[in-house]
There are 2 protein chains.
Amino acid sequence: MRIAELSHRSGVSIPTIKYYLREGLLAPGERIGRNQAAYGEEHLHRLRLIRALREVGGLSVAAAGQVLATLADPPPTLHELMGQAHQAVIPTVAHDHHDPDWRAAREQARDWLQQLGWQIDLDGPAIDELADVFIALRRLGQERVLTCLPTYAAGALTVAQAEVSTALAAGDPAQVMATVVTGTVLGERLLAAVRLLAHEHVSATMAGAPPGCDA
Amino acid sequence: MRIAELSHRSGVSIPTIKYYLREGLLAPGERIGRNQAAYGEEHLHRLRLIRALREVGGLSVAAAGQVLATLADPPPTLHELMGQAHQAVIPTVAHDHHDPDWRAAREQARDWLQQLGWQIDLDGPAIDELADVFIALRRLGQERVLTCLPTYAAGALTVAQAEVSTALAAGDPAQVMATVVTGTVLGERLLAAVRLLAHEHVSATMAGAPPGCDA
């Protein structure tokens, strides 16, 4: 296909495609004339992955280029590839590691995860996020929300198993990476929207007041 | 307690407490001297609720005041109270209702929810959010993420049942409202963080590649 069709099908403007070509994020097309090149389905897939990294994951062109570079020499397992894509789109937030409250909250989060027996990096950013929420709940006098943590873990595990399987089923490494990136970010929005709808449904249909998580 | 202790225990500064008193968000304390007043536990609970609405829910002082006004004349059931608190903290985003793609995506979201049989308002903001994500996935060529929707629904339902029960168990209307507000917003962050950790755990421990959601 010509660059115009590639632009139309990928939703990426022609000037932006030319920019990605110059920056090496996209491989050149096949020359078919002095000023013309033909592009294939692999260019379309690559452009959609770049869009996912840039627009959905919020990565800079340089950061997207680094993630894409792993595809030139993909890790030996799809699981490792998935981990790299995953890490690339998780936002990292600076924390005050000297604040005793924050350190205590992170210890609490780590203890809980170790009790769960999950195989995870105990220095990763998601644990910091847990610690932030623990502190916020305590300051608001709403620790009771934490009694739902085991329910969150069970629900998240079921969801994650389905999502990881879906990403792995996508096939070649570039497609797996595109699905992990979009699934991580947009799947979170989907799950959040469905959770709000579930609240509404449960609230409308619940008879009486059954026990909460702390019962 | 004096205003200094109220400030310390609630985490709200004295000038801000005085501002809430002037605006009528907080009831006056009991006069115990010419320039002194005593405050009780109900003031502390109320301040924590105001903090939750303002800092966690992102509400303006005026909007928080409107939510608090419902507590003076609470609706006949805790379910209705919960619905009001819930609606107050769900962000509403403007959509282009004339865009045929967006209308088609919203119809798709509605159809899916009707098939689920959930008792929900089909004109609510969470459905608009679903439609937004549907469009984004289609434009990225990642519709396969939608095959996980039934898993999201099942997981969200389990989580929502536990959360709603926990909120109702909080007791009086003001406490229920505080738990709904903080649980809606901070519970979403908790669930999102636990989901990322679950991805890592599943990815590390999954043997082979079991079928995805679309199998």
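Because the structure is a prediction, the values reported are computed rather than measured.

**Things to note about the nonpolar core**
Argument step 1. By size, the foremost hydrophobic cluster in this structure holds 145 residues, and its most contacted members are Leu130(A), Leu190(A), Leu130(B) and Leu190(B).
Argument step 2. Discounting chain neighbours no more than four positions away, the residues touching Leu130(A) are Ala109(A), Trp112(A), Leu113(A), Leu190(B), Ala193(B), Val194(B) and Leu197(B).

**Observations concerning the confidence of the model for chain A**
Argument step 1. Chain-level statistics for chain A give a pLDDT mean of 87 and a share of 96% at 70 or above.
Argument step 2. When mean pLDDT is taken per element in chain A, helix α2 (residues 14–23) of chain A scores highest with 95 and helix α5 (residues 78–89) of chain A scores lowest with 77.

**A closer look at helix α5 (residues 78–89) of chain B**
Argument step 1. Compared with the 16 Å implied by 1.5 Å per residue over 12 residues, the 17 Å span of α5(B) between its first and last C-alpha is a close match.
Argument step 2. For α5(B), the set of buried residues is Leu81(B), Met82(B), Ala85(B), His86(B) and Val89(B). Taken down its axis, α5(B) places every buried residue within 135° of arc, on the same side.
Argument step 3. Residues of α5(B) that are buried sit in contact with α9 (173–205) of chain A together with α4 (61–72), α8 (149–168) and α9 (173–205) of chain B.

**Things to note about the relation of the copies chain A and chain B**
Argument step 1. After a rotation of 180° and a shift along the axis of 0.0 Å, chain A superposes on chain B with an RMSD of 0.0 Å. On this basis, the relationship between the two copies can be described by a two-fold rotation axis. Measuring from the rotation axis to each C-alpha of chain A, the shortest distance belongs to Gly155(A), at 2.4 Å.
Argument step 2. In this assembly the copies share their binding face: 100% of the residues contributing to the interface of chain A also contribute to that of chain B.

**Focus on the interface of chain A and chain B**
Size of an interface: often given as the accessible area lost when the parts come together.
Argument step 1. The interface is formed by 84 residues belonging to chain A together with 84 residues belonging to chain B.
Argument step 2. When the two sides are added together, the surface that chain A and chain B hide from each other amounts to roughly 7,600 Å², 71% of it contributed by carbon and sulfur.
Argument step 3. Counting the surface chain A buries against chain B, the share from its top three residues, Leu140(A), Leu190(A) and Arg195(A), is 9%.
Argument step 4. On the surface where chain A and chain B come into contact, there are 4 salt bridges.
Argument step 5. Between Arg195(B) and Glu163(A) there is a salt bridge whose closest N-O contact spans 3.0 Å.
Argument step 6. At the surface where chain A touches chain B, the tally comes to 20 residue pairs in polar contact (both at pLDDT 80 or more).

**Description of the pattern of salt bridges**
Argument step 1. The full count for this structure, using the stated rule, is 18 salt bridges over all chains.
Argument step 2. Between Arg9(A) and Glu5(A) there is a salt bridge, with the nearest N and O atoms lying 3.9 Å from each other. Separated by 4 residues within a single helix, Arg9(A) and Glu5(A) lie in helix α1 (residues 3–10), roughly one turn from each other.
Argument step 3. Judged by its relative accessible area of 33%, Arg9(A) is partly exposed.
Argument step 4. Taking relative accessible area as the criterion, Glu5(A) reaches 38% and is therefore assigned partly exposed.
Argument step 5. Glu107(B) is paired through a salt bridge with Arg110(B); the nearest N and O atoms lie 3.4 Å apart. Placement of the pair is Glu107(B) and Arg110(B) together in helix α6 (residues 100–116), with a separation of 3 residues, close to one helical turn.
Argument step 6. Residue classification places Arg110(B) among the buried residues on the basis of a relative accessible area of 16%.

Analysis parameters
Residues numbered from 1 in each chain as written. Chains lettered and ligands numbered in written order. Predicted model: local features only at pLDDT ≥ 70, side-chain atom pairs only at ≥ 80, totals over all residues. Heavy atoms only, no water. Core = buried A, V, L, I, M, F, W, Y, C linked by side-chain atoms within 4.5 Å. Buried < 20%, exposed > 50% of the residue type's maximum accessible area, 1.4 Å probe, protein only. Contact = heavy atoms within 4.5 Å. pLDDT = per-residue confidence, 0-100. Helix = DSSP H or I, 4+ residues; strand = E, 2+ residues; numbered from the N terminus. Expected span 1.5 Å × (residues − 1). Arc of directions from axis to C-beta. Least-squares fit on C-alpha atoms with pLDDT ≥ 70 in both. Buried area = accessible area lost by both parts, 1.4 Å probe. Salt bridge = Lys/Arg side-chain N within 4 Å of Asp/Glu carboxyl O. Polar contact = N/O pair within 3.5 Å; in protein donor to acceptor, adjacent residues only side chain to side chain.

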